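Analysis of the macromolecular model
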Amino acid sequence: MRMHGHMSMLAVTAALQFAAQAAWANMVYVSNEKDNTVTIVDSGTMEVVKTIDVGQRPRGITISHDGKFLYVCASDDDTVEVIDTTTHEIIGTLPSGPDPELFVLSPDGKMLYVANEDDNLVTAIDVEQKSVVAEIPVGVEPEGMGISPDGKTMVNTSETTNMAHFIDTSTHEITDNVLVDSRPRFAEFKPDGSEVWVSAEIGGTVSVIDNKTREVKHKITFEIQGLRSEAIQPVGVRISADGKKAYVALGPANRVAVVNAETYEVEKYVLVGQRVWQLAFTPDGKFIISTNGLSNDITFIDTETDEPVKSVTVGALPWGVVVAPN
């Protein structure tokens, strides 16, 4: 193809740059807890773009709302690493407290709330100042972290105490403790803030907690033909932006449950890889991605058909996943 004139060349270059930016906009970041890496996958092509080395036993992973910084819980290094998404270099750390496992970024992007599994604390970190603002004592083995869309309420789940702790983010005080089933691992607010869904790995349920009354209003249970109930272990939970559908990772059941978030009925079980841990939507909501720890891959699920589209091999023991915003 021949180029006519200088302008065409500039236009092509600009178009290519724009295409590159657009392509990089929706990168998928997967933390691999066994080989201490983060795998970067292009959500458009569903191909691995790059693998970067991070700290020891990376699990929780999230991204700043502008997409510029990736935050990774390096659990065995007792720190949260900050990675520049343009250069993929580690540019700093945040004082996380010991054994950070999961965390959540406030809606305004200023505060990072970290669950410290070893010392039964939730640490609130000012991201810009890189300083600890508060340490909140919670139950034994805190893990799951959810935050309300308005940023006023944070929920931490404690695996051994079997509770969801509701924390007022303005005072950093626990206002309510809600008993759920055995070993709660994850907390996810509905987009309208009306409910918090808490998964219980050993209990095998998801408790739907009313955010006004702070009481369990429904328990979702799962049954899969040919599988013992002990093999069904709910962990990661994600609810669609319109609040109509929820997806629940079922651990060693090797499936993701699709739940009607309005009726609480399980509509489908999607077979993915082995030992499903966490889930993340692409920003357009067209796909949800599961991390499959024991098969060392991630699976893209089409949210319209709820069928698995492609599995992509990543690092060893993939655990966490986040997708860069638009």
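Look up: the structure comes first, before these words.
Presented here is an overview of the structure given in this document.

Calculation rules
Residues numbered from 1 in each chain as written. Predicted model: local features only at pLDDT ≥ 70, side-chain atom pairs only at ≥ 80, totals over all residues. Heavy atoms only, no water. Helix = DSSP H or I, 4+ residues; strand = E, 2+ residues; numbered from the N terminus. Contact = heavy atoms within 4.5 Å. Pairing = 2+ DSSP bridges. Axes fitted to C-alpha atoms, helices over the stretch in contact; angles between N-to-C directions. Polar contact = N/O pair within 3.5 Å; in protein donor to acceptor, adjacent residues only side chain to side chain. Buried < 20%, exposed > 50% of the residue type's maximum accessible area, 1.4 Å probe, protein only.

Once that is clear, we can look at the environment of Val-276. Counting through the fold element by element, Val-276 comes out in strand β24 (residues 276-281). Along the backbone, Val-276 and Trp-319 are 43 residues apart, and their C-alpha atoms lie at a distance of 8.3 Å. Excluding residues within four positions of it along the chain, Val-276 makes contact with Val-235, Ala-249, Leu-250, Gly-251, Asn-254, Arg-255, Val-256, Ser-290, Thr-291 and Asn-292.

With that settled, consider the sheet that holds strand β19 (residues 215-221). In a beta sheet, neighbouring strands pair by backbone hydrogen bonds and run either parallel or antiparallel. Taken in spatial order, the four strands make up an open sheet running β16-β17-β18-β19, and their pairing is antiparallel. Looking along the sheet, the strands with just one partner apiece sit at the ends: β16 (184-189) and β19. The average angle at which neighbouring strand axes cross in this sheet is 25°, direction not considered. Inspection of the sheet shows strand β18 (residues 205-210) paired to β19 by six bridges, in the antiparallel sense. Across the sheet, the residue bridging to Ser-207 is Lys-219, located in β19.

Bringing the side chain of Arg-59 into the picture now. Relative to the helices and strands, Arg-59 is located in strand β4 (residues 58-63). Here Ser-75 takes part through its side chain, which lies 2.9 Å from a polar atom of the side chain of Arg-59. A distance of 3.0 Å separates the side chain of Arg-59 from the side chain of Asp-99, its partner in a polar contact. What Arg-59 contacts, discounting residues up to four positions off in sequence, is Ser-31, Glu-33, Cys-73, Ser-75, Asp-99, Pro-100, Glu-101, Glu-117, Trp-319 and Gly-320.

Moving on to the sheet that holds strand β3 (residues 47-53). Taken in spatial order, the four strands make up an open sheet running β3-β2-β1-β28, and their pairing is antiparallel. Edge positions in the open sheet fall to β3 and β28 (318-323), since each of these has one partner strand only. For this sheet the average axis-to-axis angle between neighbouring strands, irrespective of direction, equals 25°. Where strand β2 (residues 37-42) and β3 come together, six bridges link them in antiparallel fashion. Bridge assignment links Asp-42 to a residue of β3, and that residue is Glu-47.

Moving on to unusual backbone geometry. The phi dihedral of Asn-36 is positive, around 55°, even though this residue is not glycine. In this structure, Met-46 is a non-glycine residue whose phi angle is positive, near 60°. Mapped onto the secondary structure, Met-46 falls in the loop between β2 and β3. Judged by relative accessible area, which is 9%, Met-46 ranks as buried.

Function cannot be read off these values alone, since they describe shape.
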